[in-house]
Amino acid sequence: MITLENLRKTYHHKGREIHALNGVSLHVAPGEIYGVVGQSGAGKSTLIRCVNLLERPDSGRVIVAGRELTALPPAALLRARHKIGMIFQHFNLLSSRTVYDNIALPLELVGASKKTIASKVLPLLTLTGLEDKASHYPAQLSGGQKQRVAIARALAAEPQVLLSDEATSALDPKTTEDILNLLKDINAKLGLTILMITHEMEVVKQICHKVALIEDGQLVETADVDTFFTAPKSALGQRFVAQTQRFDLPDSYQRRLAADGIHPVIKIRFLGNKVDEPLLSSIARRFDVNVSIIQAKIEHIGHTTIGLIIAEILGDATRTADAVAWLQTQPVSTEILGYVE
């Protein structure tokens, strides 16, 4: 549905060249929700603005729904853009227009009749949960409601592609979750292809099918979202994933750790159906040790379940060593964080 081939974009600022995109190629299949992540200044926003040619790349090709946008004359490009919806971080609603009229704007711009506009806007109000807000103005809405209006407006022209540029960055966590659930619902019901730019890894976890990691205008890594979060290939990907897990030993335990000792503190990482296996009770029975769970959590990412446990193994030196050695032969990741006397 979206194919980007060797995109390059350079800006000139105070005598310096800034390579925002440096040979980026990407393919988003029909019906996918594809996330592009990276740090500030990595080139994410330039990338998404090149998809609908709000920014024209210096070189390379942009193909959307089988049409090479970079080769179209201005009038044809304008028509093609009507099939590409876009939502932004700060909503970009017109304060003097009601919710209904904001949603209707793209249809008015192409000369649609009032009857046609009503036939499209009213279902979108229902789809986005705004039925009772049609006559409200943006100043009367919450941030989440404003973003719902922006999403409905982006869908008004029945686009084949929806571009999301940090669309949840200005929202609180609960509202973010609601908006992401709405986008998932739209993707499922309409089969809409969605390309998302975000710096929020939790957004990628919750909604995306695939993810691309960008740094200094170059693609560092692309993968299915569950593969990325379970086995990132690049060093940058590993840092991003580690930041999202936030599963470190509490400070009270960290201060008690020594480099060696009798009672090991271990971190275990499970994938898939291994989450359901009773490994800790197995080592307790097998090696006659006690296991004290310090903290644990389970995450569902894509089609994969990830389990994380930090635990202390209590027993004599031989038994605890044997227990750890046995765990390290199992199909889980086991790391010794230190020892507690």
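All figures in this text were calculated on a predicted structure; none of them were measured in a lab.

> What am I meant to see in the pairing of strand β6 (residues 84-88) here?
It is a general feature of regular strands that their side chains alternate between the two faces of the sheet. Most of β6 sits inside the fold, with four of its five residues counted as buried. By the bridge criterion, five bridges tie β6 to strand β7 (residues 161-165) in an arrangement that is parallel. Its bridge partner being in β7, M86 is matched across the sheet by L163.

> What exactly am I supposed to notice about the environment of A134 here?
Turning to its location among the elements, A134 is positioned in the loop between α4 (114-127) and α5 (143-155). The partly exposed category is assigned to A134, whose relative accessible area is 21%. Sequence separation between A134 and V121 is 13 residues, and the spatial gap between their C-alpha atoms is 9.5 Å. Among residues more than four places away in sequence, those in contact with A134 are T98, V99, Y100 and L125.

> It is not clear to me how the pattern of salt bridges should be interpreted in this structure. Could you clarify?
Opposite charge on two side chains lets them pair, provided their charged atoms get close. A complete count under the given rule lists 13 salt bridges for this structure. Among the ionic pairs, E5 bridges to R61, the shortest N-O distance being 2.9 Å. Of the two residues, E5 is situated in strand β1 (residues 2-13) and R61 in strand β4 (residues 59-64); the sequence distance between them amounts to 56 residues. Using a relative accessible area of 33% as the deciding quantity, one classes R61 as partly exposed. Three or more residues joined by partner-sharing salt bridges are found here, namely K9, R49, E55 and D58.

> Could you clarify how one ought to interpret the sheet that holds β1 in this entry?
Where strands meet in a sheet, backbone hydrogen bonds hold them as pairs that are either parallel or antiparallel. The strand order across the open sheet formed by four strands is β2-β1-β4-β5, and the pairing between neighbours is antiparallel. The open sheet has two edge strands, β2 (16-28) and β5 (67-68), and neither has a second partner. Sheet topology places β1 next to β2; 10 bridges connect them, and they run antiparallel. Bridge pairing in β2 places R8 opposite N22. Contacting β1, β2 and β4, helix α1 (residues 44-51) runs over the sheet at an angle of about 120 degrees to β1.

What counts and what doesn't
- The numbering scheme is per chain: residues are counted from 1 as the chain's sequence reads.
- Since the coordinates come from a predicted model, pLDDT governs what is reported: local features require at least 70, and pairs of side-chain atoms require 80 or more to be given and counted, while whole-chain, interface and lining totals use all residues.
- In computing side-chain values, all of the structure's heavy atoms are included and hydrogens and water are not.
- The rule is simple: take the accessible area with a 1.4 Å probe, protein chains only, and divide by the maximum for that residue type; under 20% is buried, over 50% is exposed, in between is partly exposed.
- Helix and strand assignments follow DSSP, with helices taken as H or I runs no shorter than four residues and strands as E runs no shorter than two, numbered in order from the N terminus.
- Two strands pair if DSSP finds at least two bridges between them.
- In this analysis, two residues are considered to be in contact whenever any of their non-hydrogen atoms come within 4.5 Å of each other.
- Put simply, a salt bridge is a Lys or Arg side-chain nitrogen that is within 4 Å of an Asp or Glu carboxyl oxygen.
- Angular values range over 0 to 180 degrees, each being the angle between N-to-C directions of two axes fitted as lines to C-alpha atoms, with helices fitted over their stretch in contact.

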